[in-house]
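Structural description and commentary
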Amino acid sequence: MKTTSHFLGINLNNKLFAGLFKSLQKYLKENNIEDVISLQNLSSLHITIYYFGENLDDATLSNLKNDLLTLNKKENLFPIFIDEVNFFMQEGQNQLCYLYPLKDRKILEINSILKLKYLNKIVDNNYPKYVPHITIFKIKNFDLYQKHQENILAIIKHYLKGIRRDNAFKSFNLFSVNSTLSPEKYTVIF
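Only a predicted model underlies this, so the values are computations on that prediction, with no experimental measurement involved. (Residues numbered from 1 in each chain as written. Predicted model: local features only at pLDDT ≥ 70, side-chain atom pairs only at ≥ 80, totals over all residues. Heavy atoms only, no water.)

**Re the sheet that holds strand E5 (residues 93–100)**
Let me state the cut-off plainly: Should DSSP find at least two bridges between two strands, the strands are taken to pair. Secondary structure elements are taken from DSSP: a helix is a run of H or I of four residues or more, a strand is a run of E of two residues or more, and numbering for both begins at the N terminus. Axes here mean lines fitted to C-alpha atoms, for a helix over just the part in contact, with angles spanning 0 to 180 degrees between N-to-C directions. Only heavy atoms matter for contacts: two residues are in contact if any of them lie within 4.5 Å across the pair.
Spatially, the four strands line up as an open sheet ordered E2-E6-E5-E4, and their pairing is antiparallel. In this open sheet, the two strands that pair with only one neighbour each are strand E2 (37–39) and strand E4 (84–90). When the angles between neighbouring strand axes are averaged without regard to direction, this sheet yields 25°. The sheet contact formed by E4 and E5 spans seven bridges and is antiparallel. If you follow Val85 over to E5, its bridge partner there is Leu99. Contacts from helix H1 (residues 18–30) reach E2, E5 and strand E6 (134–139) within the one sheet, and its direction differs from that of E2 by about 150°. The sheet contacts of helix H5 (residues 149–163) involve E4, E5 and E6, and relative to E4 the element is tilted by about 140°.

**Comments concerning the pairing of E6**
To be explicit about the condition: Using a 1.4 Å probe on the protein chains alone, a residue whose accessible area is under 20% of its type maximum counts as buried, one over 50% counts as exposed, and one in between counts as partly exposed.
For E6, the buried fraction is high: five of the six residues fall into the buried class. Two strands pair when backbone bridges link them, and E2 and E6 are joined in this way by three bridges, in the antiparallel orientation. In the sheet register, Ile37 faces E6, and the bridge partner there is Ile139. Sheet analysis places E5 next to E6, joined by four bridges and oriented antiparallel. In the strand pairing of E6, Tyr98 is matched with Thr135.

**As for helix H3 (residues 105–117)**
Test applied: Working rule for helices: expected span equals 1.5 Å times residues minus one. Along the arc lie the directions from the helix axis toward the C-beta atoms.
In this model, H3 (13 residues) spans 19 Å end to end at C-alpha, consistent with the 18 Å of a helix rising 1.5 Å per residue. Along H3, the positions that sit buried rather than exposed are Ile107, Ile110, Asn111 and Leu114. Along the long axis of H3, the arc covered by the buried residues comes to 100°, so they all point the same way. The exposed residues of H3 that point more than 90 degrees off its buried face are Arg105, Ile113 and Leu116.

Set out below in structure tokens:
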């Protein structure tokens, strides 16, 4: 697999989201709008905490292994409850649908620590506010999508009611990603 970047993130229990993705795929197919949005790959669901470049040197890899050992210690683990849906916008239009945990204080703290420890110039780390999120889909045709948004959001909110009390957390990992694919392809490095 070609690697375009790396990131430290939270691997999630994808089984929690299987029903949601199946329902979204069914809706898209029944309404002949499969080319209007690009669903994320169910097996690649995660929350990105901090981005790295295409290549990682040996010192950074060693530090990341040690950080992951610490983060994955039982006493450092915490539940993540996915209970909200929102959109990132571009030019006043919804562009990317995501789910997120309303209670995200621990994730924000980890992001802040990593920003101080691993200074880099990756654009994705320089947003005005870090938002821990799970990408659900990217909108490829906003005009066509807009006609179905109410129904799609109803499907998502229905599934959120069923999983909001289930811990989605699986583990902290280092991922590599190929951003040239749609949907993007992620691989756990360690």
